[in-house]
Amino acid sequence: MVTVIPRSTEAKSAAPDTRAQELAEAACRTTAKISGLAALAPGPLGLLTVLADVIALWKIQSQLVADIAAVYGKTATLGKEQMLYCLFKHSASQTIRDVVYRAGERYVVGPVSWKILHIVFKDEGVD
């Protein structure tokens, strides 16, 4: 679903930055309304609205990405990879940051710490 690129009705703009900002603000208002309404449901019913809320937000964001590409005249270069990057950039960077942290901890900090401990205890006469 998130790899489907929606058609945009936006034309290439003479002032794409301004139009992109207007589109982003409109999308923000729409998503705020949807999320606000979904949050009104109490208890377990409220939990059921989460999936519908996320799906609606992805659709709005996908349309926003397509519209922004259109106002910049880049519709032809907007592919599935770019769409996924735009929709999940924050999540991906957080995941990669966590992987790098854990790998660094495991392969850099761990071995160095053992080497340092070995040197310290060897110098202390403990072996």
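**Concerning the overall build of the chain**
Secondary structure assignment for the chain yields three helices and zero strands. Counted from the first residue to the last, the chain has its helices and strands arranged as α-α-α. Relative to its 127 residues, the chain shows a buried fraction of 18%. Counting contacts in the chain only where the partners sit at least 6 residues apart, residues at least 24 apart contribute 75% of the total. Approximately 9600 Å² of the chain is accessible, and the part contributed by carbon and sulfur atoms is 65%.

**Comments concerning the side chain of aspartate 53**
Within the fold, aspartate 53 resides in helix α2 (residues 43-71). As a buried residue without a salt bridge, aspartate 53 has its nearest oppositely charged side chain in lysine 59, at a separation of 12 Å. At 3.2 Å, the side chain of aspartate 53 and the side chain of serine 35 are in polar contact.

**Things to note about the side chain of threonine 31**
Mapped onto the elements of the fold, threonine 31 is located in helix α1 (residues 16-39). The class for threonine 31 is buried, based on a relative accessible area of 18%. Only 3.0 Å separates the side chain of threonine 31 from the backbone oxygen of cysteine 28, close enough to count as a polar contact.

**Observations regarding α1**
Counting along an α-helix, one turn takes 3.6 residues, and residues three or four places apart therefore face a common direction. Taking 1.5 Å per residue, 24 residues should reach 34 Å; α1 reaches 34 Å between its end C-alpha atoms and fits that length. The set of residues buried in α1 consists of Pro16, Ala20, Leu23, Ala27, Thr31 and Ala38.

**Examining the confidence of the model for the chain**
When pLDDT is averaged across the chain, the result is 79; 69% of the residues are at 70 or more. Confidence, read as mean pLDDT per element, is least for helix α3 (residues 80-123) in the chain (64) and greatest for α1 (92).

**What to know about the environment of alanine 32**
On the secondary structure map, alanine 32 appears in helix α1. Owing to a relative accessible area of 49%, alanine 32 belongs among the partly exposed residues under this scheme. For the pair alanine 32 and leucine 57, spaced 25 residues apart in the sequence, the C-alpha separation amounts to 9.5 Å.

**Thoughts on the environment of threonine 30**
Inspection of the secondary structure puts threonine 30 in helix α1. On the basis of relative accessibility, which here comes to 35%, the residue threonine 30 falls in the partly exposed class. When the C-alpha positions of threonine 30 and alanine 56 are compared, they lie 9.9 Å apart, and in sequence the two are 26 residues distant.

Conventions used here
- Each chain has its residues counted from 1, running along the sequence as written.
- For this predicted model, a pLDDT threshold of at least 70 governs which residues receive local features, and a threshold of 80 or more governs which side-chain atom pairs are given and counted, while totals over whole chains, interfaces and linings are taken from all residues.
- Note: side-chain values were computed over all heavy atoms of the structure, leaving out hydrogens and water.
- Numbered from the N terminus, helices here are DSSP runs of H or I no shorter than four residues, and strands are runs of E no shorter than two.
- Exposed residues in this analysis have more than 50% of their type's maximum accessible area, buried residues have under 20%, and partly exposed residues fall in between, with area computed by a 1.4 Å probe over protein chains only.
- It only takes one pair of heavy atoms within 4.5 Å for two residues to be counted as in contact.
- Reported accessibility uses the Shrake-Rupley method at a 1.4 Å probe radius. Residues are deemed covered only where the shown protein chains occlude them.
- We count Lys and Arg on the positive side and Asp and Glu on the negative side, and we leave His and both chain ends out.
- We define a salt bridge as a side-chain nitrogen of Lys or Arg found within 4 Å of a carboxyl oxygen belonging to Asp or Glu.
- What qualifies as a polar contact is a pair of N or O atoms within 3.5 Å, subject to a donor-acceptor requirement within protein and to the restriction that residues adjacent in sequence count only when both atoms come from side chains.
- Here a helix's expected span is defined as the number of its residues, less one, multiplied by 1.5 Å.
- The predictor's confidence in any single residue is recorded as pLDDT, a number from 0 to 100.

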